[in-house]
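Remarks on the overall topology
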Amino acid sequence: MDFYDVISARRSVRQFTAEPVSAEARARIAQCVAAAPSACNRQPYRFLWIENPELIRQLHSVTVQPSILDAPVVVAGLVNRDAAWRLNENDSRSIGEIDLAIAAEHFALAVTAEKLGSCWVAAFDTVRAAEILQVQAPWYVDVLFPVGHPAGNLRPFARVSADEMMKVL
């Protein structure tokens, strides 16, 4: 798929077939995530690729998103805020979530290029998700993605026009 086709095809997918995601697709997606830029190349993020049905069932119990249960894979995006870039030692901001978001969108676009579907899920109990996945500080579970082969046809949807989205000054 051409880059611009991938951008246009990317959408939230919430229904999946039971077909597994291939190891080859997983490897190509991982390469795309590894290529994501981050502030000062700190890469304060990691991704957990979860295929274990029991872990997926447990993750479903801590979110309001039913598609978690239907997906053959759930990916958790983790961030280490302490490892992320800061302007100086007095700067209380962490750029970690921004770095993770950049890598996560690389992930979502790579999933689309593989003709798979995913959906950003942020509505979940992060403490319970960390317990289920045995994620410990300084790491934090920030986003979940159900991933799989889309079930049914994906409908086009209305978007804000490019002219409305970007103004030239």
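Scope of this entry: the structure provided in the associated data block. Predicted, not measured: the structure shown is a model, and the values here were computed from it.

Right, let's talk about the overall build of the protein chain for a bit. Scanning the protein chain for helices and strands turns up seven helices and four strands. Going from N to C terminus, the protein chain has its helices and strands arranged as α-α-β-α-α-β-α-β-α-β-α. Its C-alpha atoms give the protein chain a radius of gyration of 17 Å, near enough to 15 Å, the size a compact globule of 169 residues would have. Across the 169 residues of the protein chain, 38% fall into the buried class. Total accessible area on the protein chain is roughly 10,000 Å²; 55% of this is exposed by carbon and sulfur atoms. Side-chain charges of the protein chain comprise 16 positive and 19 negative groups, with the mean position of each set lying 2 Å from the other.

The subject of this paragraph is the state of the cysteines. Per the counting criterion, the structure on display carries zero disulfides. As a non-bridged cysteine, cysteine 32 has cysteine 119 as the owner of its nearest cysteine sulfur, 20 Å distant. According to the relative accessible area criterion, cysteine 32 is partly exposed, its value standing at 33%.

Contact geometry of helix H2 (residues 23–34) with helix H5 (residues 96–113) gives a least axis separation of 8 Å together with a crossing angle of 150 degrees. With respect to H5, the axis of H2 lies roughly antiparallel. Between H2 and H5 the crossing geometry is right-handed. Contacts between H2 and H5 involve Ile29, Cys32 and Val33 on the former and, on the latter, Ala103, His106, Phe107, Ala110 and Val111.

With that settled, consider the nonpolar core. Core analysis: the biggest nonpolar cluster contains 20 residues, and Phe107, Phe145 and Val147 have the highest contact counts within it. Elements with a contribution of two residues or more to this core: H2, strand E2 (73–80), H5 and strand E4 (139–148). The element best represented in this core is H5, accounting for seven residues. For phenylalanine 145, the contacting residues outside a window of four places in its chain are Val73, Val74, Val75, Ala104, Phe107, Ala108, Ser118, Cys119 and Trp120.

Spatial ordering of the open sheet is given by E1-E2-E4-E3, a layout of four strands whose pairing is antiparallel. Lying at the two open borders of the sheet, with one neighbouring strand each, are strand E1 (45–50) and strand E3 (117–118).

As a volume, the largest pocket reaches approximately 250 Å³. Contributing to the lining of the largest pocket are 13 residues, with Arg11, Ser12, Asn153, Leu154 and Arg155 lying nearest its centre. Class assignment of the residues belonging to the lining of the largest pocket gives a composition of six nonpolar, four polar and three charged. Empty space within the second largest pocket amounts to approximately 150 Å³. Forming the walls of the second largest pocket are 13 residues, and the residues nearest its centre are Val6, Cys32, Leu109, Ala110 and Ala113. Going through the elements one at a time, helix H1 (3–9), H2 and H5 are the ones with two or more residues in the lining of the second largest pocket. When residues of the lining of the second largest pocket are assigned to their parent elements, the largest contribution, four residues, is made by H5. Each residue belonging to the lining of the second largest pocket can be placed in one class, and the counts come to nine nonpolar, one polar and three charged.

Cut-off values and rules
Residues numbered from 1 in each chain as written. Predicted model: local features only at pLDDT ≥ 70, side-chain atom pairs only at ≥ 80, totals over all residues. Heavy atoms only, no water. Helix = DSSP H or I, 4+ residues; strand = E, 2+ residues; numbered from the N terminus. Rg over C-alpha atoms; globule rule 2.2 N^0.38 Å. Buried < 20%, exposed > 50% of the residue type's maximum accessible area, 1.4 Å probe, protein only. Areas by Shrake-Rupley, 256 points an atom, 1.4 Å probe, with all protein chains shown as cover. Lys, Arg positive; Asp, Glu negative; His and termini not counted. Charge placed at Lys NZ, Arg CZ, Asp CG, Glu CD. Disulfide = S-S within 2.5 Å. Axes fitted to C-alpha atoms, helices over the stretch in contact; angles between N-to-C directions. Parallel < 35°, antiparallel > 145°, perpendicular 65-115°, else oblique. Left-handed = near helix turned anticlockwise from the far one by under 90°. Contact = heavy atoms within 4.5 Å. Core = buried A, V, L, I, M, F, W, Y, C linked by side-chain atoms within 4.5 Å. Pairing = 2+ DSSP bridges. 1 Å grid on protein atoms, 1.4 Å probe; cavity = no way out; pocket = protein on both sides within 12 Å on 5 of 7 lines; lining within 4 Å. Points joined across faces, edges and corners; volume = space filled by probe spheres on them. Nonpolar A, V, L, I, M, F, W, Y, C, P; charged D, E, K, R; others polar.

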